[in-house]
Structure formats: C-alpha cells, structure tokens
Amino acid sequence: MISIFDAQLVFRKVLDAMARPGKVAKLPDIPLNPPAENKYPFLILFTLLDHEVGFEVLGAKNNAEEISRYIASNTGSSESSLENADFVLIYGGSSGGRIHEMKQGTLEYPDESVTLIYDVERIGTGMLLMISGPGIRAERKVAIEGIEEEEIRDMVRVNSEFPLGVDAIFSDRCGNILAMPRSTKVRW
Amino acid sequence: MGYVAVKGGEDSIKNAKKLIEIFRRENRLAVDQVMGEGSLYAPKLAELAVKQAEGDLMEASFLIRAYRSTLPRIGYSEPIDTRDMFVIRRISSTFKDIPGGQILGATRDYTQRLLEFEPSEEVEDEGEESSDASEYPPKFEKVVDVMRKDGLIADPSEKPEEPFDITRDSLQFPLPRSARLQALARGESGAMLALAYSSLRGYGSVHPTIAELRVGYVKVKIKHPYTKKEVSIGEILVTECEGILSGVGVTTLSEDVKFSIGYGLVFGQNERKAISMAILDGTTNIKEPKAPSEDQEFVFYHIDGVDAMGFVEHLKLPHYVTFQSSLDRAKKAKEVKNEGL
Amino acid sequence: MKGYSYAFLDEYTKREIRRKILKAVAIPGYQVPFASREMPIAKGWGTGGLQVTLSLIGDSDVLKVIDQGSDDSVNAINIKRLVQRTTDVKLTKDTKEATIIQTRHRIPEEDLNEDQIIVFQVPFPEPLRTVEPSEQLTRRMHAEKDYSKIWLYLYENIVQYGDITFGARYPVMVNDRYLMDPSPIPRWDIPRLHNAAFLSLFCAGREKRVYAIPPYTKVEPLEFEDYKFEVENFDGKVCAMCGSDDTFLTKSVDERGNEIWLCSDTSFCEKRRREDGL
C-alpha cells in the first residue's frame, strides 16, 4: 500500500511520461519492500491497480508467485490470464513474443488494452531509439538498458494498426521512468 | 403491525381509507420517491432532503445521490426473494381470484379526488373481522408462479449472470437486462411515466396486464464476512410489479408460444413507477426497436432525473462566449446573403 | 473538510479516472468511457472537469478555474470552493502561476508552458452528435474513421448559408485519426490546441467520457480548400478597459447603455491594465 498522497505524486509522473513519450521522469523515493530488486514498478502498480483490473507477471525467474501475491494483496487486483490482463509486469526486458497475446483493444474500444511495465536496468544508457509522434516536439533520442531489441520490434508490430495497440512504461532501478504509448513511432 | 384482512368492494375502500390514515406520515410518498430516485434506502435522510429542498423532489433526490456517493461500499446483498415479502397490499389484474386473495391495502386508487379543505374525520373502527395479529401472515403464492406451473411463462430472454453495476462500469449498448433494470429502478418517475404511457398509446407494442402488484417489506440479507452465513441487516419497503407483456385484444407471445414478463421493483410505495418500469423493461427488450420507448439509448440516456435536471438547468449558466461566436457566424451569413443580392 | 476524503473523491474513483486518463493520452482525441460519479454539483455544471481536476490535484498544485474566461463567474467560484474545501490547495487568478487550469468555454489568452495542464469542461463529447443521435453508430464511425456525415453537414452549411456555421464546438481532426469536439471554446481558441506545449484533458461528467490531446500533437479544424477555417472577426473593435485588439472580445454595455466590447479573459485584461498603469 502507498499513501493517497504518494499515489497522486506517482500518477502525475506517470501521466507526464505518457503525455511526453521519451521524457525521463523521476519517481519519488517511497519506501517499499517488494520481493524484487527494483521497487519502482510496484509504485506504479500500487497507484493504478485495484479489484477492477487484472494483472500478470512475466519473466520473473524464481519468485513469480511471490511477486503476484505481493501485488494482489497490496492492491486488491487479481492475476488474470495474459489475454485478459490490464497490466503486465515484465522482467528481463522481453515478453518472449507473448506481447502478441495481450489485449490490444478493439476498433470501437481501443482503450480496453494492456499497459506494460518493463523492469529495466537503466534508462539513459543502452539501446538507442529515435522516437516521434504525439507528445514529442520533433524527434527524441531515448536510451534503455535492459530491453531486448526483439521486444521493441514486437511492440512496433503490435502497434502498427493504430488505434489498436499496447502502451508501455519503462522503470529502472534508480526511479527513472519513461513511457511509449502506442501513438509513438520508433526507429533504431 | 396489525394485519387486517379485507373482503368485498365497499368494505375494501373503507378499509383502504383507514389504512391510509394508519400509514399517514407527512410526505410519505415523496420520501419513497426520493429514496428510489436518489438510489439510497434511507427514509429519515430522504425526509430531511425533501424538507431541505423545500419539496423539490428532484433537488431532494440529487442531495441523496450526492450523499450516497460519499458512502463506503462494503459489498453486495444476497438476492431478495420477494415471495418472502410481508405484504401490505397486493392486487392482480389478470385474474379475479388469486391464491391468498386480492388485498387492496392503503391506496387512493378508488378515492374521489376531492380537495379536503377540512382535515378528514377520525375513521371509526367498525369492528372488522381481523386475523390474530400475533400470527405471522401467510406468504402469498405469486400469480406468475401459478402461471409458470401451468407452462404459460417464457424463460427470461437472458441467462442469469453477475449483475452489471451501472454505478461502477460505463454503459455500452445494447445493455444487459440487469443494467436496464438498475437504470429503471433509479429512474425519474415522470420521465418513465411519459415513456411508458407512449408505449400504451401506440408508440410501441407493449401493453401489459398486471399479473401482480405487491407492496410490502422484504429483508435484506448479506453473507456474514466471518461465518459466511446469511444474516438479515434490516427490512425495506418495496413495490414490485410483474406484468404479463400481452394486452387487451392483442395477444403477444414469445417464440415458444408463452407469455413474457416485464419486471418492476422500486423502493417504498411507488406503484406508478413500478408499473412504468415493468413496461419499459418490456419495451427496451424488443429486438427491432421502432418507437422511442423501444430505443434503448433514447430511454436510458433520458430517464435519469439527476442528469436531466442538471443539464437542462445548466442553460442558466453564462454562455456569452459561445453566443458571441454564433453572432459572428450569423453576421457572416448575413454578409454572404447580402453579397448575393 | 471533516467527513470527506482528500479531494472529495474516494481512491477507487480516482484510480479509475487516472487509468482512463492514461489511455486517453495514449490515443489522442479518442473518447474513453468512464464510470462518472455523482458530485455535489449538478451534471452539466462541470462535474467532468471537476472529477479530472480532483484526480490530478496534489498539495503542490496551484489551481485556476474560469468560466467564459472569467475567474469571478459564480460557477467558477463554486467549483474553486469545493476543490479548496477538500484539498486546501493554493488558488490563483494568474494564468502564469497556475499548474492546473479548469475551464469552461475558453483557453486563457496567455501562453501556457510544459508544466501546465488545462482541464476542459465538456457538455457534448461527441463531435458527430449533431449529425447522428445514436452513440452506437457514432462509436462505429470513429472505429472506421468514417466522418463522411460531418463533411456532408459542413457542405450543406455552405450551400445554405455561404459558410460553415459552427461557432464554438468547431470539429477538429486530432493526430490525423480522430474527429474531436474541442468543447464549446470559440474558434479563436482552436489554433492554440495545435502543437501545444501543454497537455489538454477533456471530460464530460454527464456523458461519462474523458479524452486528451497530448502536447505537440496535430490538431486541425475541418475545412475545405475554398472555405477555410477562420476565427471570429471583431471588426477592429478593442477592449474598452485595456484597449486590446488581439484578444477574444464579447459585447457588453456600459452604465450609459452604450455598446462596448470587453476581453473575456478578465484576469489577463486586469494584468495588462496593471502593467500599463491603467
């Protein structure tokens, strides 16, 4: 659980990131004790999840169950199947191609789609991407360490039929986040 | 509460008057209407709202709705079986005699609408035969259940499932029946009356015959959080209407040659609304809507009193910027017209 | 304020709106349905804008609320009071000072920057409602990007009146994909939405829709090759108070009953007068 004031602060940072894709926002250092190295993705989950939405966790090698239980008990949300999940927490920088199974919305309700939260090593170094689109003045350079190139390729593929698609947030160990909604064009 | 069995037409009406006096409380029916439209069963709060709003029932319902949204939601009750109702009024139009009898109860239906300039006299107790007050009144078998046993009632058009909660999820058309019924239960009585009336008059094909109209008290039960057993948390007064969706002359039947039911259930005693609800349950279920009362979007977007009142009255807000913009367009159109001359 | 949550709404409500706002921002111009809550002010009087503001707002925010461009409108004051009673945030009339601006029918005249969010009160979220009453049908039109009905309507306007007759609520195309209703702001304000530094959020409480224009997003008013979009023409009129000829003016009367024109953005007008020593 996080306080309502912390939730508001986290939300404003996430909103800023989603409205300005590629802009690096810094989450407040709120004390949490998750069964994982990086607490910041959980700040985002605790802000946005409750019993009205479902989640999934991918790529957590040893303690997937522990992490799921931690999320469920702190938010009231429950684990759902991958194709029904509203939020998916991804470790290891790759969904292993399973991004194609997730909710991309329908033409009449494109909003009924998943939000991905990638736990990554570092934002600001690593793989370079050039992004453009709504929220970005012209083009913006983005660097993410801990995301597989194949995953970016898959994401681009899944987002190729706007307005259908998925929206992604990247969260590193230092509290940096950046977002790439489906409206963002990526090249590298 | 004493239970008085009534027999015979004239006696019924006399007793109805007596019961009105027994139940009389200033603004009783206004309070019931406000509980229904405010969507919160709280008679004392509704009474306060009616007074605070100086009798403006829409304003009062708004006060109740706004208050309701501040209350924590603990959970959902168990479904209520109205067969267990403590009936205080119960009539049927489909049959002359029904199991348990027709009980007129407290109603003004058969009174003469004459303004009484002097308070009505004390109604004398003429020593009517009454059943033992200590006995719990018998349950009344439902008319539709009798008809069901005779194979006359069609199955509901939708399979029962988790009810939709219109206060939590946004509406997507076509609506599931549970969403329609919920919207009707909290709908504005006047709007629903007008639409139901339109259907009866021919703007629509639903003209029902009332199988049963019941007014009475039902227990609200929840599953105890620890013991998981059902416990009663109180009683509420409700009006229930089960209408056979088949009318005078015209016999409307389902595909398997049976009668369909339109259902109405509202808080307190509000028969007009319960009947309207049953009619609109029927009209909004029609597969190929032809009339306004059959058009789901038309009905459900316009029967919410709080929404309607807010928006119609918002016209009182300043609109001088938007009007300036319109003036600009009118001027331009005039210029174009003059140029053309 | 005793007995009420911070910012009035309970956390479930805020969370739902927050999730929906994020999706709205990801799909510029698309109307996201949400389960609008009952508020202590009437529907049609700003409940949508209010729900968004209350879901955004925190201690460090500074709030400005305007109606028709004025901070002193009774409704704007009522909204401000409700927000302040349940949050204790700082209120301001100065556009430059505000972090969140809730507005009905205007965009403030002064430039907004990247740290500001403007929240529009929307009565009619659906730009196609003028030509199609059914929500099911308009939703399908947006799904298929089939906007032929509105183009036909504009064409008929021109045939009948010699020009497009949309005053406020001028339909715009967002990000080359969604037709959007910018809320009843005058045409004067439409160009401000295009490629803006600020984030725009739109919310209709009664109709239960929220939508967004992220910063730096293409917003184009519908127009024909030979009938272009134009803003309101004030014919050389100036504001009787500050002398401005570059702001949106509305007609009024002075004490003697003479016709005068005044800036609709009252705080900007005051600021200019202060700076000019008027």
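Keep in mind that this is a model prediction, so the values were computed, not measured.

## A word on the overall build of chain C
So, step 1. A count of helical and extended segments in chain C gives seven helices and twelve strands.
So, step 2. In terms of overall dimensions, chain C is globule-like: its C-alpha atoms have a radius of gyration of 19 Å, near the 19 Å expected for 278 residues.
So, step 3. When the backbone C-alpha atoms are referred to their principal axes, chain C occupies close to 60 × 50 × 35 Å.
So, step 4. Restricting the contact set of chain C to residue pairs at least 6 apart, pairs at least 24 apart contribute 62%.

## So, the pairing of strand 5 (residues 117-121) of chain C
Residue and element names in this part refer to chain C.
So, step 1. Along strand 5, five of the five residues are buried, which leaves the element largely enclosed by surrounding structure.
So, step 2. The alternating pattern of strand 5 places I117, V119 and Q121 and I118 and F120 on opposite faces, both of which are buried.
So, step 3. Judged from the five bridges that link them, strand 5 and strand 8 (residues 199-204) form a sheet pairing that is parallel. Across the sheet, residue I117 finds its bridge partner in strand 8, namely L199.

## Focus: helix 3 (residues 43-52) of chain B
Residue and element names in this part refer to chain B.
So, step 1. Along helix 3, the positions that sit buried rather than exposed are A46, A49 and V50. Along the long axis of helix 3, the arc covered by the buried residues comes to 100°, so they all point the same way. Exposed residues pointing more than 90 degrees away from the buried face of helix 3 are listed as K44 and Q52.
So, step 2. Looking at the packing, one finds that the buried side of helix 3 touches helix 2 (28-38) and helix 4 (57-68).
So, step 3. The first or second residue beyond helix 3 is E54, which carries a positive phi of 55°.

## With respect to the domain arrangement of chain C
All names here are of chain C.
So, step 1. Under the domain assignment, chain C is made up of domain 1 (11-126 + 172-220) and domain 2 (234-278).
So, step 2. Taking only C-alpha atoms into account, the centre of domain 1 sits 26 Å from that of domain 2.
So, step 3. Each partner contributes to the interface: domain 1 provides 14 residues, whereas domain 2 provides seven residues.
So, step 4. Taken together, the residues of the side of domain 1 that touches domain 2 sort by class into three nonpolar, four polar and seven charged.

## So, the packing of helix 6 (residues 177-185) of chain B against helix 8 (residues 271-283) of chain B
Residue and element names in this part refer to chain B.
So, step 1. One can describe the packing of helix 6 onto helix 8 by two numbers: an axis separation of 10 Å at closest approach and a directional angle of 150°. When the axes of helix 6 and helix 8 are compared, the pair comes out roughly antiparallel. Taken as a pair, helix 6 and helix 8 cross one another with a handedness that is right-handed. Taken together, the residues of helix 8 that come into contact with helix 6 (itself represented by R180, L181, L184 and A185) are M277, L280 and D281.
So, step 2. Residues belonging to the contact of helix 6 with helix 8 are distributed by class as follows: five nonpolar, no polar and two charged.

## Quick word on the interface of chain C and chain A
So, step 1. Every contact between the two is made by 28 residues of chain C and, on the other side, 29 residues of chain A.
So, step 2. Top contributing element to the side of chain C that touches chain A by residue count: helix 1 (residues 11-26) of chain C, with eleven residues.
So, step 3. A breakdown of the residues in the side of chain C that touches chain A according to their chemical character gives 16 nonpolar, three polar and nine charged.

## Here we look at the confidence of the model for chain C
So, step 1. Per-chain confidence: chain C averages 92 in pLDDT, with 98% of residues scoring 70 or above.
So, step 2. Quick note on the complex model: pTM equals 0.85, ipTM equals 0.98.

## Overview of the interface of chain B and chain C
So, step 1. With 33 residues of chain B at the interface, the matching set in chain C holds 38 residues.
So, step 2. Elements represented by at least two residues in the side of chain B that touches chain C include exactly helix 4, helix 10 (305-313) and helix 11 (320-340) of chain B.
So, step 3. In terms of residues, the side of chain B that touches chain C owes the most to one element, helix 11 of chain B, which gives twelve residues.
So, step 4. Its residues assigned to classes, the side of chain B that touches chain C shows twelve nonpolar, ten polar and eleven charged.

## What to know about the arrangement of the chains
So, step 1. For the two pairs of chains in contact, the largest share of contacts goes to chains B and C.
So, step 2. Nothing in chain A touches chain B; the tightest C-alpha to C-alpha distance between them is still 9 Å.

## A word on the pairing of strand 4 (residues 100-104) of chain C
Residues and elements named next belong to chain C.
So, step 1. The buried fraction of strand 4 is high, at five of five residues.
So, step 2. Covered by surrounding structure in strand 4 are I100, Q102 and R104 together with I101 and T103, the residues of both alternating faces.
So, step 3. Pairing between strand 2 (residues 62-67) and strand 4: five bridges, direction parallel. Within strand 4, the position partnered with V65 by the bridge is Q102.

## Here we look at the sheet that holds strand 10 (residues 185-187) of chain A
Residue and element names in this part refer to chain A.
So, step 1. On the basis of which strands lie adjacent, the open sheet formed by three strands has the order 7-6-10 and antiparallel pairing. Across the chains shown, the open sheet's two edge strands, defined by having one partner strand only, are strand 7 (140-145) and strand 10. Mean inter-strand twist for the sheet, computed between neighbouring axes without regard to direction, equals 50°.

## Some details on the environment of V306(B)
So, step 1. Mapped onto the elements, V306(B) comes out in helix 10.
So, step 2. Through-space distance from the C-alpha of V306(B) to that of G268(B) is 19 Å; in sequence the pair is 38 residues apart.
So, step 3. The residues touching V306(B), leaving out its near neighbours within four places in the chain, are S61(B), F62(B), R65(B), E38(C) and K43(C).

## Concerning the environment of G49(C)
Residue and element names in this part refer to chain C.
So, step 1. Locating G49 in the fold gives a position in helix 2 (residues 47-56).
So, step 2. Judged by the 25 C-beta atoms lying within 10 Å of it, G49 is buried.
So, step 3. With 53 residues separating them in the primary sequence, G49 and Q102 have C-alpha atoms 6.6 Å apart.
So, step 4. With residues up to four places along the chain from it excluded, the contact list for G49 reads Q102, V119, F120, Q121 and C203.

About the thresholds
Residues numbered from 1 in each chain as written. Chains lettered and ligands numbered in written order. Predicted model: local features only at pLDDT ≥ 70, side-chain atom pairs only at ≥ 80, totals over all residues. Helix = DSSP H or I, 4+ residues; strand = E, 2+ residues; numbered from the N terminus. Rg over C-alpha atoms; globule rule 2.2 N^0.38 Å. Contact = placed C-beta atoms within 7 Å. Buried ≥ 20, exposed ≤ 12 C-beta atoms within 10 Å, placed from the backbone. Pairing = 2+ DSSP bridges. Arc of directions from axis to C-beta. Domains from an automatic or database assignment. Nonpolar A, V, L, I, M, F, W, Y, C, P; charged D, E, K, R; others polar. Axes fitted to C-alpha atoms, helices over the stretch in contact; angles between N-to-C directions. Parallel < 35°, antiparallel > 145°, perpendicular 65-115°, else oblique. Left-handed = near helix turned anticlockwise from the far one by under 90°. pLDDT = per-residue confidence, 0-100.

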